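Here is how the chains run, residue by residue.
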Amino acid sequence: MLLHQQTWIDVEQYLKKSTGIVIPIGSTEQHGPNGLIGTDAICAEVVGKGIGEAADALVAPTISVGMAQHHLGFAGSMTLRPTTLIAVVRDTVASLARHGFTRFYFINGHGGNIATVTAAFSEIYAETSLHPAGNQPVIKCKLRNWWESSKVKAISSVLYGGSEGSHATPSEVSLTWYAYPEAVRKMTMDPPVAPTGTFTDSADYRRNFPDGRIGSNPGLSSREAGERLYKAAVQDCADDYKAFVAAA
Ligand code: NI
């Protein structure tokens, strides 16, 4: 159930049976020679929507632009500053909390969001800790990376092993191809497996990773793999969501 396809009356009804909500969060940034700019937002959105269906949960609009300053050396990439993303996450949670939502399950598609979203959660908790009335009703936030599901990792490691890498991975590209068949672009990568290493800003990133990939070979992507990864991620994350919402 997508929040933006409900009426306010539907949402009031939903809140009588659950105060949990799934919030997809991704990024809009280059994903190598054959990956879509929206890869991270698409992955979070499709897995989030799947969790909503599997767990009968409401799914908020996707936060599609994330913390991706290091990708700005490549055309089409966008970023929010960490401080801006913290503000976006805080206002998203505060808006929904005002109506009675208490469990905020962020399904994440972008590694670069982790530090900033975690800092945003600390800001939210700092506010409740500093408030004399405390955290009432008890608000909890969770960040879950779709690719860290144990079922997903098992599939990725068998299919891709040392070619999975950490950016523009064949797993995430496959998942977007499953969601959007028209996006399929079969390509041979040169070198097959991209270099690995560290980076600071966008110029440093482009110097170290000239075609945008890190340690990956997205030339191995396929729709079939994407379908398997999608099902695995939804299964694991829907169970995780249900446990998160049920916990005190
Ligand atoms: Ni990505």
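Read on for an overview of the structure. (Residues numbered from 1 in each chain as written. Predicted model: local features only at pLDDT ≥ 70, side-chain atom pairs only at ≥ 80, totals over all residues. Heavy atoms only, no water.)

Quick look at unusual backbone geometry now. Between Asp-190 and Pro-191 the backbone carries a cis peptide bond, its omega angle lying at -5°. By secondary structure assignment, the location of Pro-191 is in the loop between α6 (170-179) and α7 (202-208). In this structure, Asp-56 takes a positive phi of about 55° despite not being glycine. When you line up the elements, Asp-56 lands in the loop between α2 (39-55) and β2 (58-59). Of note in the backbone geometry, Ala-168 takes a positive phi value of approximately 55° without being a glycine. Turning to its location among the elements, Ala-168 is positioned in the loop between α5 (150-160) and α6. Under the relative-accessibility criterion, Ala-168 is labelled buried at 0%. (Helix = DSSP H or I, 4+ residues; strand = E, 2+ residues; numbered from the N terminus. Buried < 20%, exposed > 50% of the residue type's maximum accessible area, 1.4 Å probe, protein only.)

Below, the discussion takes up the packing of α6 against helix α8 (residues 223-246). Put simply, α6 and α8 touch, their axes get as near as 7 Å, and they point 95° apart. With respect to each other, α6 and α8 are oriented roughly perpendicular. Where α6 approaches α8, its residues Ser-171, Ser-174, Leu-175, Trp-177 and Tyr-178 are matched on the opposing element by Arg-223, Ala-225, Gly-226, Glu-227, Leu-229 and Tyr-230. Broken down by class, the residue content of the contact of α6 with α8 amounts to six nonpolar, three polar and two charged. (Axes fitted to C-alpha atoms, helices over the stretch in contact; angles between N-to-C directions. Parallel < 35°, antiparallel > 145°, perpendicular 65-115°, else oblique. Contact = heavy atoms within 4.5 Å. Nonpolar A, V, L, I, M, F, W, Y, C, P; charged D, E, K, R; others polar.)

Scanning the model with the defined rule gives nine salt bridges in all. With a closest N to O distance of 3.8 Å, Arg-90 and Glu-123 form a salt bridge. Residue Arg-90 is found in helix α3 (residues 82-98), and its partner Glu-123 is found in helix α4 (residues 114-130); the two are separated by 33 residues along the sequence. Overall, Arg-90 belongs to the partly exposed group, its relative accessible area being 27%. Residue Asp-211 is joined to Arg-213 by a salt bridge in which the shortest nitrogen-to-oxygen separation is 2.8 Å. (Salt bridge = Lys/Arg side-chain N within 4 Å of Asp/Glu carboxyl O.)

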